[in-house]
Amino acid sequence: MCSNYRAEAQALLTATETLTQLETIPKKVVHLTYSLSVLQLLASGNLEDYTSRNLIQNLNSLTSRTTTVLQWISAHTGIHGNEVAGERGKQEAAAKIQS
């Protein structure tokens, strides 16, 4: 499993964990991700790792309380904040490799 997949799966898991702990949940929640592989794995139902199993459990819990949408977006393309975040992530990853 590649680190990009793991990071996106963990980000979605953290988002769903945060939402399930809220006292008041919005009527509709849209999770945006550029990881098509995470979305494909969730759609396949072939949940082999801890993170994806917990993610699907959290999503099932949320869908009983709100409308939940998972939406793929293009990775960092043309969105200034995403491009900055992507560059910082690359810099941090490079720094960890060098240390």
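Given the structure is predicted, the values throughout are model-derived calculations rather than measurements.

Quick notes on the rules
Residues numbered from 1 in each chain as written. Predicted model: local features only at pLDDT ≥ 70, side-chain atom pairs only at ≥ 80, totals over all residues. Heavy atoms only, no water. Core = buried A, V, L, I, M, F, W, Y, C linked by side-chain atoms within 4.5 Å. Buried < 20%, exposed > 50% of the residue type's maximum accessible area, 1.4 Å probe, protein only. Helix = DSSP H or I, 4+ residues; strand = E, 2+ residues; numbered from the N terminus. Contact = heavy atoms within 4.5 Å. Axes fitted to C-alpha atoms, helices over the stretch in contact; angles between N-to-C directions. Parallel < 35°, antiparallel > 145°, perpendicular 65-115°, else oblique. Polar contact = N/O pair within 3.5 Å; in protein donor to acceptor, adjacent residues only side chain to side chain.

Note on soluble globular proteins: their nonpolar side chains tend to be buried together. Counting residues in each nonpolar core, the largest one holds ten residues, listed as Y5, A9, L12, L13, V38, L41, L42, L47, L55 and L59. If you list the elements that add at least two residues to this core, you get helix 1 (3–20), helix 2 (36–44) and helix 3 (50–63). The biggest single contributor to this core is helix 1, with four residues. Residues within four places of L59 in sequence aside, it is in contact with T16, H31, L42, T68 and L70.

Right, let's get into the packing of helix 2 against helix 3. In the contact formed by helix 2 and helix 3, the axes pass within 11 Å of each other and the chain directions differ by 70°. Relative to helix 3, the element helix 2 is oriented roughly perpendicular. For the pair helix 2 and helix 3, contact is made by V38, L41 and L42 and by S52, L55, I56 and L59, respectively.

Within the secondary structure layout, R65 lies in the loop between helix 3 and strand 2 (67–72). With residues near it in sequence (within four places) discarded, R65 still touches T20, L22 and I25. Of note is the side chain of R65, whose polar atom sits 3.5 Å from the backbone oxygen of L22.

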